Amino acid sequence: MSKPVLFFPLILLLGLGIPAFAQYGDFGPGSFKNPYPLRNYSDSVDGISLRAIGLQRPAEPGADRDPPDPGQEYVIVSVELTCDPSRSENCLVASFDFELAGSMGIIYPNVMNEDEGAFDIAPGAEAFGDISAYISSDDTDLLLLFYHWPVIPYTFPLVFATEPAPEMREGIPINAKTGMIARVGPSSDLDFTGVFNRGEQLLALGRNADGAWLEISFGWAPAELVEAEGDIMTLPITSTFK
């Protein structure tokens, strides 16, 4: 019923880049850095359209579920799936095709039983269901990960935001002078949150006190490694980390 454990680190790394089979729309490629917003569709390569349509956090586990451990919450994500009418056979989706992740970098398995989370959808039809997980109470920016095993071994994960995107703050466009990693805060001693490539354009949203580090949408980048299209010292100070 469960996938080989060795696949998960590989799949997670692939998710940090652009999913090869995602259909780009008006909402970005569906990567960890730029997930699909809540209530917007994405299509996988094999004719399944999926969107996250609701989030209950925290939710009541119900009589057949264990209560969350201290420091945990039980969450439910409601999903809608549509099977492409051009398919010649039903779309089959299993409960273990879904997982959750968040800003802490932890992947949480879907705890729905196989019969609860299984979908058998006729071409042109749609289905609704719930995905549930026990997550850390401190985790934010939850993402719904959809791994689907069609005829080929696997597709890259399609990633959907399950929490509404924050309002975009005004910022200053910056261009990476080299490939680099973003950190969780303004220090090279801190863990990294993602990667971006040379020439990639980002938006600086804030800075630390001396302007040596710039806050971007998924972490912090050293100012000396980017070219800014404006005066970064006019950005608000969004961290006092030393």
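Residues numbered from 1 in each chain as written. Predicted model: local features only at pLDDT ≥ 70, side-chain atom pairs only at ≥ 80, totals over all residues. Heavy atoms only, no water.

Kindly report on the overall build of the protein, identifying the contributing residues and their values.
Scanning the protein from N- to C-terminus turns up 1 helix and 18 strands. Out of the 242 residues belonging to the protein, those deemed buried represent 45%. Carbon and sulfur atoms make up 54% of the accessible area of the protein, which totals about 12,800 Å². (Helix = DSSP H or I, 4+ residues; strand = E, 2+ residues; numbered from the N terminus. Buried < 20%, exposed > 50% of the residue type's maximum accessible area, 1.4 Å probe, protein only. Areas by Shrake-Rupley, 256 points an atom, 1.4 Å probe, with all protein chains shown as cover.)

How would you summarise the packing of aromatic side chains if you had to cite specific residues and measurements?
For the structure shown, the criterion picks out 3 aromatic pairs. Aromatic side chains Phe-98 and Phe-146 sit 5.2 Å apart centroid to centroid with 25° between the ring planes, which places their arrangement in the stacked category. Placement of Phe-98 in strand β5 (residues 98-101) and of Phe-146 in strand β9 (residues 143-146) is noted, with a sequence separation of 48 residues between them. The burial state of Phe-98 is the same as that of Phe-146; both residues are buried. Among the aromatic side chains, those forming a connected cluster through ring pairs are Phe-98, Phe-119 and Phe-146. (Phe/Tyr/Trp six-rings, centres within 6.5 Å; stacked < 30°, edge-to-face > 60°.)

Account for the state of the cysteines, with residues named and values stated.
Applying the stated rule across the entire model yields 1 disulfide. Each sulfur of the disulfide joining Cys-83 and Cys-91 lies 2.1 Å from the other. Measuring handedness by torsion sign, the sulfur bridge of Cys-83 and Cys-91 sits at about 75° and is right-handed. Cys-91 matches Cys-83 in its accessibility class, with the two residues each being buried. (Disulfide = S-S within 2.5 Å.)

Explain the sheet that holds strand β10 (residues 158-161) residue by residue, including any values.
Pairing is antiparallel in the open sheet, where 4 strands are placed in the order β6-β5-β9-β10. Either end of the sheet is taken by a strand with one partner, and the two such strands are β6 (107-109) and β10. Across the sheet, the axes of successive neighbouring strands diverge by a mean angle of 30°, strand direction being ignored. Here 4 bridges tie β5 to β9, and the two strands are oriented antiparallel to one another. By the bridge assignment for β9, Phe-98 is matched with Phe-146. (Pairing = 2+ DSSP bridges. Axes fitted to C-alpha atoms, helices over the stretch in contact; angles between N-to-C directions.)

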